[in-house]
Amino acid sequence: MAVKNKLLVTGAALLMGTGVTLGVHSIAHADANDVQINASQYTQKAQDLQKVFNNNNKDYTLSKITVENNQDHKQDPVYKLVGFDSKNDKVAKLKVAANNTNDVIKNKTEKVKKHHLKKLTALDINNIKQDPTAAINAAKKFANTNDNPSEWTLVTTKKDKKQMTYYVVKFTNKNKETTVKVNAQDGSKIAVKTSNED
């Protein structure tokens, strides 16, 4: 009888232990998905990232660089590089590990959607005078924050035949997100926007 009781207690303890372990694993996994990267740690120059993009997508023109959490594995920081072909017919989307740009996570091409045709603008590499670190420091000043950015993007847009290349730097603090646009040529402020997430 004593042996039976001992076995029952041991079995219950093992089941409880398994439940606790599974519970901890689930919590850890959930927390990992909420982890924000410090995007200021990943500041490779546009010229270098252009080479990475073209090594994987020949005959394509780079149009956008973003440092962000990988959408598939949010705890992993990535460079997301987007470009288009010479016929403006296809878009290439390359995702590489931010701490090792030789590590290709995803590379796919897709047809350009009609409403995106007008937005296809080559990243004006030669007119980028501010590196990502300088742009992030300027964005911190404009947003009046000491927080590290959770994401940054470099893009060129065209309006009325005029081109502008700028950084979009995002700071996320609890439920507040601040987005700062910084001119990539002279480091001046273009816009600061703060929104609360409910």
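Residues numbered from 1 in each chain as written. Predicted model: local features only at pLDDT ≥ 70, side-chain atom pairs only at ≥ 80, totals over all residues. Heavy atoms only, no water.

The protein appears in an unreviewed UniProt entry as Peptidase propeptide and YPEB domain protein from Candidatus Paralactobacillus gallistercoris.

Undergrad: Would you explain the pattern of salt bridges in this entry?
TA: Should their charged atoms come close, side chains of opposite charge can pair. One pass over the full model with this rule turns up 4 salt bridges. Close ionic contact of K108 with E110 constitutes a salt bridge, the shortest N to O distance being 3.9 Å. The partly exposed category is assigned to K108, whose relative accessible area is 40%. A cluster of three or more residues bridged by salt bridges with shared partners is formed by K93, K108 and E110. (Salt bridge = Lys/Arg side-chain N within 4 Å of Asp/Glu carboxyl O. Buried < 20%, exposed > 50% of the residue type's maximum accessible area, 1.4 Å probe, protein only.)

Undergrad: Would you explain the pairing of strand β5 (residues 151–159) in this entry?
TA: Each regular strand carries side chains that alternate between the two faces of the sheet. Sheet topology note: the strand β1 (residues 60–69)/β5 ladder contains 4 bridges and is antiparallel. Bridging across to β5, K64 finds its partner in V155. Pairing of β5 with strand β6 (residues 162–173) involves 9 bridges; the strand directions are antiparallel. Of the residues in β6, the one forming a bridge with T156 is T165. (Pairing = 2+ DSSP bridges. Helix = DSSP H or I, 4+ residues; strand = E, 2+ residues; numbered from the N terminus.)

Undergrad: I'm lost on the sheet that holds β5 in this one. Help?
TA: Strand pairing within a sheet occurs via backbone hydrogen bonds; the two strands may be parallel or antiparallel. Pairing within the open sheet is antiparallel, and its 8 strands lie in the order β4-β3-β2-β1-β5-β6-β7-β8. Only two strands of the sheet have a single neighbouring strand rather than two, namely β4 (100–111) and β8 (189–196). Recorded for the sheet is a direction-independent mean angle of 20° between the axes of neighbouring strands. Together, β1, β2 (77–85), β3 (90–97), β4 and β5 form the strand contacts of helix α2 (residues 46–56), whose direction differs from that of β1 by roughly 110°. Docked against the sheet, helix α3 (residues 132–143) engages β5, β6, β7 (176–183) and β8, running at close to 65° with respect to β6. (Axes fitted to C-alpha atoms, helices over the stretch in contact; angles between N-to-C directions. Contact = heavy atoms within 4.5 Å.)

Undergrad: Can you walk me through the pairing of β8 in this structure?
TA: As paired strands, β7 and β8 are joined by 7 bridges and run antiparallel to one another. Residue pairing across strands places V182 opposite K189, the latter belonging to β8. Following β7, the chain reverses through 5 residues before pairing antiparallel with β8; G187 in that reversal takes a positive phi of roughly 75°.

Undergrad: I would appreciate a short explanation of unusual backbone geometry in the present structure.
TA: Trans is the common state for peptide bonds, and a negative phi is the common state for residues other than glycine. With phi around 65°, D59 is a residue other than glycine that occupies positive phi space. With respect to the element layout, D59 can be found in the loop between α2 and β1. Positive phi outside glycine occurs at N88, with the angle close to 55°. Positionally, N88 belongs in the loop between β2 and β3. Residue class for N88 comes out partly exposed when judged on its relative accessible area of 33%.

Undergrad: Help me understand α3 in this model?
TA: What sets the pattern is the α-helix's 3.6 residues per turn: residues three or four places apart point alike. In a regular helix each residue adds 1.5 Å, so 12 residues correspond to 16 Å; α3 covers 16 Å between its end C-alpha atoms and thus fits that length. Three or more residues of α3 are buried, namely P132, A135, I136, A138, A139 and K140. Where α3 ends, the next residue or the one after it, N144, has phi of about 55°, a positive value. (Expected span 1.5 Å × (residues − 1).)

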